[in-house]
Structure formats: structure tokens, C-alpha cells
Amino acid sequence: WEEVKKEFLPDQNPEDRPDIVVAVFKQKLDALMNDLIKGALLGNVAAYLYVVEFQKRGLPHVHILLILAENDRLTTDEQVDAVICAELPPDPTIAENGADKEQMQELENIVKMNMIHGPCGIANPTAPCMQDGKCTKSFPKEFRKHTIVDPENGFPTYRRRAPEDGGRTINMNRGGIPYQATNRDVVPYNPFLSLRYKCHINVEKSTSPRNAKYLYKYVTKGPDRSMVSAELDDEDRP
């Protein structure tokens, strides 16, 4: 975030200033929770749970579970498509005016930077997500003309249109590897939240209580800790 970077001294990286990173993250998180809970951005919330994690280099992220009120739950493919997008944003060149074009270009830039998985697979077999020759995140996904909500699956199968069905392709270059991204490579997101917070926000509909357990385990497993004792021979301990 620009709010973080503008406070850095010359040659500093985010891991050098956890004080700034955490302060900005907390303010952003409070604003996000206010949007979701009090603002009912995704629907009226009956209950919620969130867990903050810190990566080994000190950067925080949050997992949020929202249990929506019965009348606001996403039960049809049309309702899911209205909230969650798993496709590249529309081409900014089709905008009818300058303001729309600017916003569409900003969304495209945010999605390209934060919501595109890869490259992995044949294009980059040494990617961190690769294990035994396959992507552990199951990318690239299959093309789909329509979203399918199946209660038997943990998550819906989101719409990911192929180029011949109107889906976009974007030329990418990540880690010095040029490749062409399609809707098969997009991590599901909410366009409004992406534009508002300008970061990686993966938004998904959960159709199984098993997914809630993923968050509950973080609450109950406790922090990593160790107990260390140092003693000198022939000396009494203080």
C-alpha cells in the first residue's frame, strides 16, 4: 500500500518496518470489517469470525468467515455472480467516458497484480505451488460458461468464460516469465472490495461447514512457543 511505502526510509522494505505495516494493516482491517459487518456490504451478517496470521517475514493477512442472515445467503448462480467474479475485468477500452475508463483500468491493474495465479505448471514447474508436477491450488481452472452452485461441493464452480465465449486474455510477465493469463488463472474476488482496498482479497462462497473448520482450527491451535532453560555446571540456579 502507498500508505506504507511513503513512510519508508531509503532502501527499506516492508519487512524492515513492521511497525508501519501493522499499523496500516490494522486500520485497513477495521475499515474492512466495518464495511462487511455494519455496512452489510455482502449482506446482513448473523455471525462472523476472523483470524490474523503473520508470515515468517512479518507480513500479516486475515482469514474472515461471514455467516450471512438466511435471507441474504447466495443460493443461486445469479446471486453468486453479482458478488463474486472469477474472470478478468472488462477491457477499459470499451468504456464510454473518461471516468469509467480510469476506474476500469485501475481495477484491471489491481487484478493483474493481486488476483492472477501463476505462472505455474508447464510454464513454471518450479513455482512454490507445484508439488509432484501439479499445482496444489488446482490452477489453471477449467473454463465454464456459467456458475454452478452445488451444495455437495465446498465452493461453487465459478463462471470462467473461454476466449471464444467472450472471455478476455491478458499478457503478463511475472518473475521474468512472460505468459498469457486467461479466466482460468483468476482468483475469485469482489470488484468493489478490490477497488476500495487495492490488495489481494479472495472472496468465496462456502457451501460446506467443513470450510468453517479451517478457521476454527486457527483459534484453537494456539501460538508456537518453546521453553528454554540454561544452566551452568556446579552453579546454583538463581
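As the structure is a prediction and not an experimental result, all values here were calculated from the model.

Cut-offs and rules
Residues numbered from 1 in each chain as written. Predicted model: local features only at pLDDT ≥ 70, side-chain atom pairs only at ≥ 80, totals over all residues. Heavy atoms only, no water. Helix = DSSP H or I, 4+ residues; strand = E, 2+ residues; numbered from the N terminus. Buried < 20%, exposed > 50% of the residue type's maximum accessible area, 1.4 Å probe, protein only. Contact = heavy atoms within 4.5 Å. Areas by Shrake-Rupley, 256 points an atom, 1.4 Å probe, with all protein chains shown as cover. Lys, Arg positive; Asp, Glu negative; His and termini not counted. Charge placed at Lys NZ, Arg CZ, Asp CG, Glu CD. Phe/Tyr/Trp six-rings, centres within 6.5 Å; stacked < 30°, edge-to-face > 60°. Lys NZ or Arg CZ within 6 Å of the ring centre and 35° of its normal. Disulfide = S-S within 2.5 Å. Expected span 1.5 Å × (residues − 1). Arc of directions from axis to C-beta. Polar contact = N/O pair within 3.5 Å; in protein donor to acceptor, adjacent residues only side chain to side chain.

J.: I keep staring at the overall build of the protein and nothing clicks. Help me out?
T.: What the protein contains, in helices and strands, is six helices and six strands. Along the protein, from the amino end to the carboxyl end, the secondary structure elements read α-α-β-β-α-α-β-β-β-β-α-α. For the C-alpha atoms alone, the extent of the protein along its principal axes is close to 80 × 45 × 40 Å. For the protein, with 238 residues in total, the buried portion stands at 34%. Taking as baseline every contact in the protein between residues at least 6 positions apart, the subset at least 24 positions apart corresponds to 57%. Surface summary for the protein: the accessible area is close to 15,900 Å², and the carbon and sulfur share equals 50%. Within the protein, the 36 negative side-chain charges are centred at a point lying 4 Å from the centre of the 31 positive side-chain charges.

J.: Would you take a moment to explain the packing of aromatic side chains for this structure?
T.: Note on aromatic pairs: each is described by the distance of the centres and the angle between the planes. Counted according to the given criterion, the structure contains zero aromatic pairs. Sitting above the plane of the phenylalanine 139 ring, lysine 141 keeps its charged end 4.8 Å from the centroid. In this structure, arginine 184 is placed above the aromatic ring of phenylalanine 143, and the distance from its NZ or CZ to the ring centre is 5.5 Å.

J.: What is the right way to read the state of the cysteines from this model?
T.: Structurally, a disulfide amounts to a covalent bond that connects the sulfur atoms of two cysteines. Counted according to the given criterion, the structure contains zero disulfides. For the unlinked cysteine cysteine 135, the closest cysteine sulfur is that of cysteine 129, found at 3.7 Å.

J.: Got a minute to help me understand the environment of aspartate 100 in this structure?
T.: Topologically, aspartate 100 is positioned in helix α4 (residues 98-114). A relative accessible area of 36% places aspartate 100 in the partly exposed class. It is 33 Å that separates the C-alpha atoms of aspartate 100 and phenylalanine 8, two residues lying 92 residues apart in sequence.

J.: Before we go on, may I ask you to explain α4 in this structure?
T.: Along an α-helix, a turn takes 3.6 residues, which lines up residues three or four apart on a common side. For α4, spanning 17 residues, the distance from its first C-alpha to its last is 24 Å, which sits close to the expected 24 Å at 1.5 Å a residue. Turning to α4, its buried residues number three or more, namely Leu107, Glu108, Ile110 and Val111. Burial along α4 is one-sided: seen end-on, the buried residues are contained in an arc of 165 degrees. Counted as exposed and oriented over 90 degrees from the buried face of α4: Gly98, Glu102 and Met113. Considering only its buried residues, α4 is in contact with β5 (170-174) and α5 (191-197). The backbone nitrogen of alanine 99 lies 3.2 Å from a side-chain oxygen of the residue at the head of α4, namely asparagine 97.

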